[in-house]
Amino acid sequence: MKKFFAPFLFLFPVLLTAQGMWVPLLLEKQNEKEMRSMGLKLHADDIFSNFEPSIKDAICQFDGGCTGEMISPDGLLLTNHHCGFDAIQKLSSLENNYVENGYWAKNRSEEKPAEGVTAVFISRMEDVTALALQGVTVGMAERDRQSQIDKNLAQIKVNAKKEKFEDIMIRPFYNGNQYYLFFTKTFNDVRFVGAPPSSIGKFGSDTDNWVWPRHTGDFSMFRIYADKDGNPAGYAADNVPYHPKRFLPISLKGVEEGDFTMVYGFPGATNEYLTEAAVRQIGEVLDPAKVSIRDRALKIMDGYMRKDPAVKIAYVARYASIANAWKKWLGEMQGLKTYHAFDKKKEYEAAFTTRIEQNPDWKYRYGNLLPRLRKLYEDIEPYAFARDYYLETMVRNNEILGLASSLSGWIGTYEKNGEAFFVSKQKDATSGLPDFYKDYRPEVDQTILAAMLEMFAEHVRPEWGASDVQAMAKEKGGFEALAADVFKNSALTSQAKINAVLAKKPADIVETIKNDPAYKLWDRLQQNYVANVQPKIQELQPQINLLQREYMAAQMVVFKEKRFFPDANSTLRLTYGKVRSFSPRDAVRYEFQTDLDGVMEKYIPGDYEFNVPEKLISLWKSKDYGQYATKDGRLPVAFIGSNHTTGGNSGSPALDARGNLIGLNFDRVWEGTMSDLNYDPAICRNIMVDIRYVLFLIDKLGGAGYLLDEMKLAK
Ligand code: ARG
Ligand code: ASP
């Protein structure tokens, strides 16, 4: 019997499990008891405190979108390989290819400044809901409400007593029903300490991405530097290692099925409280559209990459990033269907409706919410589809139109703000071009453009731009001919050509770019979008947001016995669960742990996804695993747990019941990629690299065992 078909589980999954991404400030009130009953040996204020050093002082947001953690008193920072990848790539050259070969600084002078990389710590946080919503009344017009809130937030910022080197950030929670204030500290002298070769840090690459069983050593290491007083400072040769208030001790004990675990980090965005109508639209309309577009673009890229190793190197990062979201959406749409998300949402809404029917006040206040949301989602559907279609075909998957789009802001300032302003922005607007052209292959992009135009013409409504594209194609003799014509005559196709344009007088730059065929094509499509699609979205989306906010508040009133965690919003959260195997379907069971034998099972000599370094093979053959081996002599690689995570949690520490580091979060399992919309505790698992594999790779493979001297190992 497959448990997930039991209908009673559909009803209140929140009551039965510890799912959720919890606000650290509220742990004592909301979670401590449950966490301790699950095995936690700490108290809430060991994990988060505004006053005393706590584990939160070891956690930072890394480089904007990931999480990192302090693992030594000298500011040693651990995060994922895919989180450090950009920095590693920028520091690499053909002679010193750290992406390919890995790197380990032999001493601090060999640690390499990773320009632009930031690490943000949270010093304190506060609930400022009452102040933020002061003067906001029921039934207030949305615009008035927002401007009242904006005024309040500005006042809160003025009054907040921040210390030197602190910044202030206020974020809405629960769809805008609550507000929290954060005092943050941002360090930007971050230096690259080391990483394994990509064949380990990215082992399995796109094929294994979002999939369990997994065998990736997805980690990299940096160090935070500060001024001599321990405060954030820009890079300076005489900066010193940062001494965090807390760092994480590391446990080599390993994990067993059922062990308590928690993951502490900066999850980006989830939507767990949407209605059935909304989730259905994502799973049945928007995801499939985006997936089919990326399918096409990825196949084209792959074709060129297979033919030419130089193209392969140039496009590998772009391919990985486009494929990452593509694969997630695919898993999401399949998971929603397979695991009955729509039925679950329907049953939940039925329970909500039953309750409000029994209470006249609720019925009066909330009775219209679900029908109105359903209607609004119906109304917005064609526009939302057209928006995603436009963005995917004309901006995201197409480099030349994407470039036109990103230049348009600057070009637009010439008329709006005058020549002097335009000139002052030239550096900002064009500084990314060398990076762009370094990996740009017009022949690849041209083929993609033809395909994107064809898909757009076929799937978007004629009056919303498709007939326009068809007419253009007809005039030139087809989509391929249209794309060829654009590429033949555009100056956006190479650094040399665009340099020639940028050397002109400001008025001529603007004139030339505005008349460039690629820019013109983008502009025409964009105008179609702005005229036909955007106004309706701008009209409907705020109404949806308002009702979603009210629906969120209503759920919290109507299901008062239930705990609600706020959707992820890139702020610090704690999620907890257990090390857990799972069964995705009849007769299939996934074990909770992988090991090095599994890496060698997947090994394909010379393959770009499944190759491994010779040295790893010899360590495997001699079983030279040292203190990192399990009792039965295996080397653990990765494990899964029922921690509720999302994008942004990459690099987050996985901690045991005592707060020791046992792993590094980096992904989720295929069947559970739907978890941003429909977390199902039976199916959804996060994937972590085992810390013993990390240390083995540093020590035995990398020969950088001296780094372990500054760590604290709890054996
Ligand atoms: N799927 C993980 C996440 O969303 C890992 C991505 C990096 N790995 C890759 N093969 N692209 O970010
Ligand atoms: N791989 C993701 C990240 O980079 C984590 C996830 O989506 O589970 O944050």
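Residues numbered from 1 in each chain as written. Chains lettered and ligands numbered in written order. Predicted model: local features only at pLDDT ≥ 70, side-chain atom pairs only at ≥ 80, totals over all residues. Heavy atoms only, no water.

The next point concerns the site of ligand 2. Every residue close to ligand 2 is listed here: His82, Trp210, Thr646, Gly647, Gly648, Asn649, Ser650, Phe666, Asp667 and Arg668. Taking His82, its side chain carries an N or O atom lying 2.8 Å from an oxygen atom of ligand 2. Take Ser650: an N or O atom from its side chain is 2.4 Å from an oxygen atom of ligand 2. Protein chains bury 89% of the 270 Å² of accessible surface belonging to ligand 2 in isolation. Counting residues per element, the shell around ligand 2 draws most heavily on strand S20 (residues 661–668), which supplies three residues. (Near = heavy atom within 4 Å. Polar contact = N/O pair within 3.5 Å; in protein donor to acceptor, adjacent residues only side chain to side chain. Areas by Shrake-Rupley, 256 points an atom, 1.4 Å probe, with all protein chains shown as cover. Helix = DSSP H or I, 4+ residues; strand = E, 2+ residues; numbered from the N terminus.)

Here helix H17 (residues 399–417) contains 19 residues, and its C-alpha end-to-end distance of 27 Å stays within 8% of the 27 Å for a straight helix at 1.5 Å per residue. When we look at burial in H17, the residues that qualify are Glu399, Ile400, Leu401, Gly402, Leu403, Ala404, Leu407, Ser408, Trp410, Ile411 and Thr413. Remark: Gly418 follows H17 within two positions and exhibits a positive phi of approximately 90°. (Expected span 1.5 Å × (residues − 1). Buried < 20%, exposed > 50% of the residue type's maximum accessible area, 1.4 Å probe, protein only.)

Our focus in this paragraph is a positive patch on the surface. On the surface, Arg36, Lys41, Lys253 and Arg658 cluster together into a patch of positive charge. Residue position: Lys41 is located in the loop between helix H4 (32–38) and helix H5 (44–47). (Patch = residues over 30% accessible without salt bridge, like charges linked within 9 Å, V, L, I, M, F, W, Y side chains within 5 Å. Salt bridge = Lys/Arg side-chain N within 4 Å of Asp/Glu carboxyl O. Lys, Arg positive; Asp, Glu negative; His and termini not counted. Charge placed at Lys NZ, Arg CZ, Asp CG, Glu CD.)

Moving on, we come to the side chain of Asp206. Among the secondary structure elements, Asp206 is positioned in helix H11 (residues 205–208). One buried charged side chain, Asp206, makes no salt bridge at all; its nearest oppositely charged neighbour is Lys202, positioned 5.7 Å away. Dropping the residues within four chain positions of it, Asp206 is found in contact with Tyr319, Ala320, Ala323, Lys327 and Glu609. (Contact = heavy atoms within 4.5 Å.)

With that settled, the discussion passes to the site of ligand 1. The environment of ligand 1 is formed by His82, Ser205, Asp206, Asn209, Trp210, Ala320, Asn324, Phe666 and Asp667. One nitrogen or oxygen atom from the side chain of Asn209 is found 2.7 Å from a nitrogen atom belonging to ligand 1. The contact in question runs from a nitrogen atom of ligand 1 to an N or O atom on the side chain of Asp667, over 2.8 Å. For ligand 1, whose free accessible area comes to 340 Å², the fraction covered by protein is 84%. By residue class, the composition of the shell around ligand 1 is three nonpolar, four polar and two charged. (Nonpolar A, V, L, I, M, F, W, Y, C, P; charged D, E, K, R; others polar.)

Here we take up unusual backbone geometry. Residue Pro213 is reached from Trp212 by a cis peptide bond, and omega for that bond is 0°. Within the fold, Pro213 resides in the loop between H11 and strand S10 (220–226). Unlike most non-glycine residues, Trp210 shows phi in positive territory, near 65°. Counting through the fold element by element, Trp210 comes out in the loop between H11 and S10. Of note in this structure, Ser570 is not a glycine but carries a positive phi near 65°. Checked against the element boundaries, Ser570 lands in the loop between helix H27 (534–558) and strand S14 (573–578). What makes Ser570 partly exposed here is its relative accessible area of 26%.

As a rule of thumb, soluble globular proteins bury nonpolar side chains together. Core analysis: the biggest nonpolar cluster contains 146 residues, and Ile47, Met221, Met262, Leu616, Tyr693, Ile698 and Met711 have the highest contact counts within it. For this core, the leading source of residues is helix H30 (residues 691–701), giving eight residues. Those residues in contact with Tyr693, other than ones at most four positions away along the chain, are Ile200, Thr216, Gly217, Leu596, Val599, Leu616, Leu635, Pro636 and Val637. Judged by nonpolar contacts, the second largest core, of 71 residues, contains Val311, Ala404, Val486 and Val533. (Core = buried A, V, L, I, M, F, W, Y, C linked by side-chain atoms within 4.5 Å.)

Turning our attention to the pairing of strand S6 (residues 119–127). Among the nine residues that make up S6, seven are buried, leaving the element largely enclosed by the rest of the structure. Looking at chain direction, strand S1 (residues 59–62) and S6 are connected through three bridges and run antiparallel. By the bridge assignment, Phe62 is partnered in S6 with Ala119. As paired strands, S6 and strand S8 (residues 178–187) are joined by eight bridges and run antiparallel to one another. In the strand pairing of S8, Phe121 is matched with Lys185. (Pairing = 2+ DSSP bridges.)

A volume near 1,100 Å³ is recorded for the second largest pocket. Along the walls of the second largest pocket sit 46 residues, with Asn175, Asn271, Leu274, Gln541 and Asn545 positioned nearest its centre. Here the lining of the second largest pocket gets eight residues from one element, more than from any other, and that element is H27. A breakdown of the residues in the lining of the second largest pocket according to their chemical character gives 21 nonpolar, eleven polar and 14 charged. (1 Å grid on protein atoms, 1.4 Å probe; cavity = no way out; pocket = protein on both sides within 12 Å on 5 of 7 lines; lining within 4 Å. Points joined across faces, edges and corners; volume = space filled by probe spheres on them.)

The subject of this paragraph is the side chain of His644. Here His644 is to be found in the loop between strand S18 (636–641) and strand S19 (653–655). In this structure the side chain of His644 is engaged in a polar contact, spanning 3.0 Å, whose partner is the side chain of Glu272. With residues up to four places along the chain from it excluded, the contact list for His644 reads Gln19, Gly20, Met21, Glu272, Phe565, Thr575, Asn649, Ser675 and Tyr679.

The rolling of a water-molecule-sized probe over the atoms marks out the regions of remaining empty space. Under the criterion given, the structure shown has three cavities of 30 Å³ or more. Of the voids in this model, the second largest cavity is the one considered here, and its volume is about 40 Å³. Around the second largest cavity, the lining residues are Ala386, Tyr390, Phe456, Val460, Trp464, Leu525, Asn528, Tyr529 and Val533. Where the lining of the second largest cavity is concerned, the elements lending two or more residues are helix H16 (369–396) and helix H26 (517–532). Here the lining of the second largest cavity takes three residues from H26, the largest share from any one element. For the lining of the second largest cavity, a count of residues per class yields eight nonpolar, one polar and no charged.

A word on helix H22 (residues 466–476). Listed in full, the buried residues belonging to H22 are Ala466, Val469, Met472 and Ala473. Looking down the long axis of H22, one finds its buried residues gathered within 125° of arc, a one-sided arrangement. The outward face of H22, more than 90 degrees from its buried face, is lined by the exposed residues Lys474 and Glu475. Close packing links the buried residues of H22 with helix H21 (442–459), helix H23 (479–489) and H26. Two residues or fewer after H22 comes Gly477, characterised by a positive phi angle close to 100°. (Arc of directions from axis to C-beta.)

On to the pairing of S14, then. Burial analysis of S14 places five of its six residues in the buried class, which makes it a mostly covered element. Both strand S13 (residues 260–265) and S14 contribute to a ladder of six bridges, which runs antiparallel. Note on S14: the bridge partner recorded for Thr261 is Gly577.

Tallied over the full model, the rule gives 31 aromatic pairs. Centre to centre, the rings of Phe62 and Phe222 are 5.1 Å apart; their planes meet at 50°, and the pair counts as tilted. Of the two residues, Phe62 sits in strand S1 while Phe222 sits in strand S10, which places them 160 residues apart along the sequence. For the pair shown, Phe62 and Phe222 are each scored as buried. For the ring pair Tyr437 and Tyr440, a centre distance of 6.0 Å and an interplane angle of 80° mean the geometry is edge-to-face. Both residues of the pair, Tyr437 and Tyr440, belong to the buried class. Site record: aromatic cluster; members linked through ring pairs are Phe62, Tyr98, Tyr103, Phe192 and Phe222. Sitting above the plane of the Tyr304 ring, Lys307 keeps its charged end 4.9 Å from the centroid. Directly above the aromatic system of Phe559 lies the positively charged group of Lys562, at a separation of 5.2 Å from the ring centroid. (Phe/Tyr/Trp six-rings, centres within 6.5 Å; stacked < 30°, edge-to-face > 60°. Lys NZ or Arg CZ within 6 Å of the ring centre and 35° of its normal.)

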